[in-house]
Amino acid sequence: MTPLTELKTLNSQTGTQPKLISIEISNSQGKRYGEGDREPLIVHSAWTHTVDRVSRGKGTQSSPQIQTQDDGLVWFGEIPALGEHQSIATLGKDKSEIARFLLYPLLREDDNGGAHDGHLRIVMSHHSYFDPEIQRRIEKQTLGRHQFTRNGRDIDVIVDSVDLVPEGVGAYWLASELGQLNSGYSLTIEIGYRTTEVWLVNDAGEPIKGEPIQFGVFNLASAIASDDEVRSALLGTTDTPKQVRDSQIAIALKQGKIAKLDSQQWDLIKTRHLERWKDDVIGMVFAQHESSLAQAEQILFSGGGAALLRERLRRANPNFWVDGDAQTASVRGSYYHFLSCV
């Protein structure tokens, strides 16, 4: 059996242990991977409290409609992101402050009951790993009982424990499990939406140096949103105070298409901005973490930004490791790492 198959076999032997799931609450996408999940669940980090009557009951797995006692009906995901919506950025809060709210769309009815009696152990990544206040806030937000409906179905679970891990280090654990690591220190670079997390990781898989950089996919999406070709196509003119939303561009980058632009024109615009953004990201990381680069035997890239740059990074340096599903590498790696410790 492969290492991952062995871990899945171990999973079936955990008896009445709480169900283990790995969660990433991001400025762009919430992600979940755990026991019983064939594929990671990704829910765009956008929501609306205004759900038209005709739209009620039309939630999907990746754009679920959540009903809670405190928040009423909330529609999460890409569907509301294409219209008037809210996000972490518009609230002006750290995601740890609303961790409970962002957790709702990532819990499902198959988390209820079963062999685990509805009890969960959550591994959650965060960029402020070393901040004890963040740890306390996340624990307060997520521990305990959660009762709500998801797409009309009741969810009733109890979170017994929360393990906070550095955002992006899960990619190191995934590379280790897949036999893709070199010996010695590794530099993990998680290119997220608002931040890029850079960690120097030792042979034991522990981050010993690093910090987030305030630069990510948001900068790319904003640059494309301000492009005159894009503004003219989507708004009908460039002479308008209206703005193209960065969230709309982020979805287009993921889907590979955007309304009102043909595929060839979109590819040309995207490629032009991707090249500039790649140079900015790599230049910034290498400039700010020169000493860590000197110690690292290997550089591992993950996150949504790494997914966009995968082929460019591999061409730039064949020693760069970028998982085939880079945007979920960290959340998957965190799950397998903690499962192996059960």
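These figures come from a predicted structure and were not determined experimentally.

Asker: Got a sec to walk through the overall build of the protein? Specific residues and values, please.
Answerer: In terms of regular secondary structure, the protein is built from 13 helices and 14 strands. A globule of 342 residues ought to have a C-alpha radius of gyration of about 20 Å, and the protein, at 20 Å, matches this closely. Dimensions of the protein, computed from the C-alpha atoms along their principal axes, are close to 60 × 55 × 40 Å. Here the protein holds 342 residues, and 52% of them are scored as buried.

Asker: Can you explain the pairing of strand E10 (residues 186-191)? Please cite residues and give values.
Answerer: Among the 6 residues of E10, 6 are classified as buried, and the element is accordingly described as predominantly covered. Alternating residues of E10 divide into Ser-186, Thr-188 and Glu-190 and Leu-187, Ile-189 and Ile-191, and every residue in both groups is buried. The hairpin formed by E10 and strand E11 (residues 196-201) contains 4 residues between the paired strands. Judged from the 5 bridges that link them, E10 and strand E13 (residues 298-302) form a sheet pairing that is parallel. Bridge pairing in E13 links Leu-187 to Ile-299.

Asker: With reference to specific residues and values, describe the confidence of the model for the protein.
Answerer: For the protein, per-residue confidence averages 90 on the pLDDT scale, and 95% of positions sit at 70 or higher. At the low end of the mean pLDDT range in the protein sits helix H1 (residues 3-11), at 42; at the high end sits strand E5 (residues 65-68), at 98. The low-confidence segment residues 1-15 (pLDDT under 50) makes 22 contacts with residues lying over four places distant or belonging to another chain.

Asker: How would you summarise the sheet that holds E10 if you had to cite specific residues and measurements?
Answerer: In spatial order, the strands read E12-E11-E10-E13-E14; together these 5 strands make up an open sheet with mixed pairing. For this open sheet the edge positions go to strand E12 (207-213) and strand E14 (320-322), each flanked by a neighbour on one side alone. Strand after strand, the sheet turns through a mean of 20° between neighbouring axes, direction not considered. In this sheet, E11 lies alongside E10 in antiparallel orientation, the contact comprising 6 bridges. Within E11, the residue paired with Thr-188 across the bridge is Trp-199.

Asker: Go over the sheet that holds strand E8 (residues 144-150) with me, naming the residues and quoting the values.
Answerer: The strand order across the open sheet formed by 9 strands is E3-E2-E1-E7-E9-E8-E5-E6-E4, and the pairing between neighbours is mixed. Bordering the open sheet on either side are strand E3 (41-44) and strand E4 (47-48), each of which pairs with just one other strand. In terms of strand pairing, E4 meets strand E6 (residues 72-76) through 2 bridges, oriented antiparallel. From the neighbouring strand, Thr-48 faces E6, where its bridge partner is Trp-75. Across the sheet, helix H5 (residues 132-142) lies against strand E7 (119-126), E8 and strand E9 (153-166), angled at about 165° from E9, the strand it touches most.

Asker: Could you give me a rundown of the layout of surface pockets, with the residues and numbers involved?
Answerer: Counted as a void, the largest pocket has a volume near 330 Å³. Along the wall of the largest pocket there are 25 residues; nearest its centre are Ser-28, Gln-29, Val-217, Gly-304 and Gly-305. Elements with a minimum of two residues in the lining of the largest pocket: strand E2 (29-34), E10, helix H9 (246-255) and helix H12 (304-316). Per-element tally for the lining of the largest pocket: the top contributor is H12, with 4 residues.

Asker: I'd like to hear about unusual backbone geometry, residue by residue, with values.
Answerer: One non-glycine residue, Asp-117, lies in the positive phi region at around 55°. In this structure, Asp-117 sits in the loop between helix H4 (99-103) and E7. Looking at Asp-117, the relative accessible area reads 58%, which means it is exposed. Of note, the phi angle at Asn-151 is positive, near 50°, even though the residue is not glycine. Looking at where Asn-151 falls in the secondary structure, it is placed in the loop between E8 and E9. The class for Asn-151 is partly exposed, based on a relative accessible area of 27%.

Asker: An account of the pattern of salt bridges is needed here, citing residue identities and associated values.
Answerer: Under the definition given, this model contains 22 salt bridges. Where Glu-275 meets Arg-312, a salt bridge forms, and the shortest distance between an N and an O atom there is 2.7 Å. You can see Glu-275 sitting in helix H10 (residues 263-288) and its partner Arg-312 sitting in helix H12, a full 37 residues away along the chain. By relative accessible area, Arg-312 is classed as buried at 14%.

Asker: Account for the packing of aromatic side chains, with residues named and values stated.
Answerer: Using the criterion set out here, one finds 10 aromatic pairs in the structure. Feature note: the residues Tyr-33, Tyr-335 and Tyr-336 constitute an aromatic cluster, connected by ring pairs. Positioned above the aromatic ring of Phe-218, the side-chain terminus of Arg-194 is 3.7 Å from the ring centre.

Asker: Explain the side chain of Glu-190 residue by residue, including any values.
Answerer: Secondary-structure assignment places Glu-190 in strand E10. The buried charged residue Glu-190 lacks any salt bridge partner; its closest oppositely charged side chain belongs to Lys-31, at an N-O distance of 5.0 Å. Only 3.4 Å separates the side chain of Glu-190 from the backbone nitrogen of Gly-303, close enough to count as a polar contact. Those residues in contact with Glu-190, other than ones at most four positions away along the chain, are Glu-24, Glu-167, Gly-168, Thr-195, Thr-196, Glu-197, Ser-302, Gly-303 and Ser-330.

Definitions and cut-offs
- Residues numbered from 1 in each chain as written.
- Predicted model: local features only at pLDDT ≥ 70, side-chain atom pairs only at ≥ 80, totals over all residues.
- Heavy atoms only, no water.
- Helix = DSSP H or I, 4+ residues; strand = E, 2+ residues; numbered from the N terminus.
- Rg over C-alpha atoms; globule rule 2.2 N^0.38 Å.
- Buried < 20%, exposed > 50% of the residue type's maximum accessible area, 1.4 Å probe, protein only.
- Pairing = 2+ DSSP bridges.
- pLDDT = per-residue confidence, 0-100.
- Contact = heavy atoms within 4.5 Å.
- Axes fitted to C-alpha atoms, helices over the stretch in contact; angles between N-to-C directions.
- 1 Å grid on protein atoms, 1.4 Å probe; cavity = no way out; pocket = protein on both sides within 12 Å on 5 of 7 lines; lining within 4 Å.
- Points joined across faces, edges and corners; volume = space filled by probe spheres on them.
- Salt bridge = Lys/Arg side-chain N within 4 Å of Asp/Glu carboxyl O.
- Phe/Tyr/Trp six-rings, centres within 6.5 Å; stacked < 30°, edge-to-face > 60°.
- Lys NZ or Arg CZ within 6 Å of the ring centre and 35° of its normal.
- Lys, Arg positive; Asp, Glu negative; His and termini not counted.
- Polar contact = N/O pair within 3.5 Å; in protein donor to acceptor, adjacent residues only side chain to side chain.

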